[in-house]
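The lines below spell out each chain.
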Amino acid sequence: MLVVFEGIDGAGKSTQVRRLVQSLRDENWDVVVDREPTDKEHGRRLRESALAGRLSPSEELALFIADRRQHVSEFILPGLDDGKLVILDRYYHSNAAYQGSRGLDWREIIRQNEAFAPRPDLVLWLDIDPAVSGARIRSRGDVANQFERIDQLQRCRQIYSGIGDDRIVRIDGGCDEESVANEIHSAVSRLIASRVP
Ligand code: TYD
């Protein structure tokens with residue numbers, strides 16, 4: 001099974017990924033976890049570009065897709081083939097939301113990705129107001145990078161809310177950490193119960 005975390009910067013994805021992985025491992029599930037952009041060559045270039053100055057939208061899209069192609073063939077498919085529960089911090093809906101927010105057609109971005117990337121069984125969309133997530137980013141002492149401007153995050157949020165895929169579960173990322181973790185755990189438990197006899 002493939003479970004994906006999505007949402008704008010500062011929505012709480014990394015914390016919640018850690019918590020979910022820990023609780024699933026405590027329940028003896030065979031879990032592997034990774035993030036996008038990856039820590040490989042293309043992913044590193046993208047992270048650098050976020051600090052140093054953006055690429056053009058189409059260059060950026062091409063690089064995210066190259067990064068994801070490698071991720072799919074080297075990590076995601078092997079994990080799924082081994083029967084593992086694969087958890088990702090961001091996947092191709094980020095591509096739709098973020099590169100879509102720069103003016104590219106997000107529906108086309110989803111089509112492009114679904115031509116090679118396995119569809120997730122569950123997308124946990126941590127939805128939050130960009131003003132609230134921005135305050136969180138500042139309070140943890142981080143400076144917002146160029147992927148994180150508030151007007152752009154507003155557009156990302158709109159795209160996430162418009163995707164309308166029934167595998168996406170919206171979770172209120174503005175709630176306290178414990179309730180968000182409980183909600184996520186219930187959604188994943190429901191998925192597992194529906195798949196494991
Ligand atoms: P993020 O998860 O915020 O990484 P970090 O914890 O290192 O800051 O991801 C980096 C940025 O990449 C984030 O702002 C969203 C952006 N992004 C895209 O624009 N398109 C994509 O396809 C993906 C996967 C991420």
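This structure is a prediction, so every number in the text was calculated from the model and none was measured.

The subject of this paragraph is the overall build of the chain. Within the chain, the secondary structure is distributed over eight helices and five strands. Tracing the chain from N to C terminus, the helices and strands come up as β-α-β-α-α-β-α-α-β-α-α-β-α. For the chain, the C-alpha radius of gyration of 16 Å lies close to 16 Å, the compact-globule estimate for 197 residues. Seen through its principal axes, the chain has C-alpha atoms that stretch 50 × 35 × 30 Å. For the chain, buried positions account for 48% of its 197 residues. Pairs at least 24 apart in sequence give 80% of the contacts found in the chain among residues at least 6 apart. Surface summary for the chain: the accessible area is close to 9,500 Å², and the carbon and sulfur share equals 48%.

This part takes up the pattern of salt bridges. Counting across every chain of the model gives 16 salt bridges. When the shortest N-O distance is used, the salt bridge between Glu60 and Arg54 registers 2.7 Å. Taking the shortest distance from any N to any O, the salt bridge between Arg167 and Asp165 comes out at 2.3 Å. By relative accessible area, Arg167 is classed as buried at 18%. Accessibility expressed as a relative area gives 17% for Asp165, which makes it buried. Here the residues in one salt-bridge network are Arg19, Glu177 and Glu178, joined through shared partners.

With that settled, the discussion passes to the sheet that holds strand β4 (residues 122–127). Ordered in space as β2-β3-β1-β4-β5, the five strands form an open sheet in which the pairing is parallel. Here the strands that pair on one side only, and so sit at the sheet edges, are β2 (31–35) and β5 (168–172). Averaged over all adjacent pairs, the angle separating strand axes in this sheet is 20°, with direction ignored. Note: β4 against β5, five bridges, orientation parallel. Across the sheet, residue Leu126 finds its bridge partner in β5, namely Ile171. Across the sheet, helix α3 (residues 57–81) lies against β1 (2–6), β2 and β3 (85–89), angled at about 145° from β3, the strand it touches most.

Before going further, it helps to spend a moment on the layout of surface pockets. Empty space left among the atoms is revealed by rolling a probe the size of a water molecule over them. There is about 940 Å³ of room inside the largest pocket. In terms of lining, the largest pocket is formed by 37 residues, of which the most central are Asp9, Lys13, Ser14, Arg90 and Arg140. Residues of the lining of the largest pocket, tallied by class, amount to twelve nonpolar, eleven polar and 14 charged.

Rules used throughout
Residues numbered from 1 in each chain as written. Predicted model: local features only at pLDDT ≥ 70, side-chain atom pairs only at ≥ 80, totals over all residues. Heavy atoms only, no water. Helix = DSSP H or I, 4+ residues; strand = E, 2+ residues; numbered from the N terminus. Rg over C-alpha atoms; globule rule 2.2 N^0.38 Å. Buried < 20%, exposed > 50% of the residue type's maximum accessible area, 1.4 Å probe, protein only. Contact = heavy atoms within 4.5 Å. Areas by Shrake-Rupley, 256 points an atom, 1.4 Å probe, with all protein chains shown as cover. Salt bridge = Lys/Arg side-chain N within 4 Å of Asp/Glu carboxyl O. Pairing = 2+ DSSP bridges. Axes fitted to C-alpha atoms, helices over the stretch in contact; angles between N-to-C directions. 1 Å grid on protein atoms, 1.4 Å probe; cavity = no way out; pocket = protein on both sides within 12 Å on 5 of 7 lines; lining within 4 Å. Points joined across faces, edges and corners; volume = space filled by probe spheres on them. Nonpolar A, V, L, I, M, F, W, Y, C, P; charged D, E, K, R; others polar.

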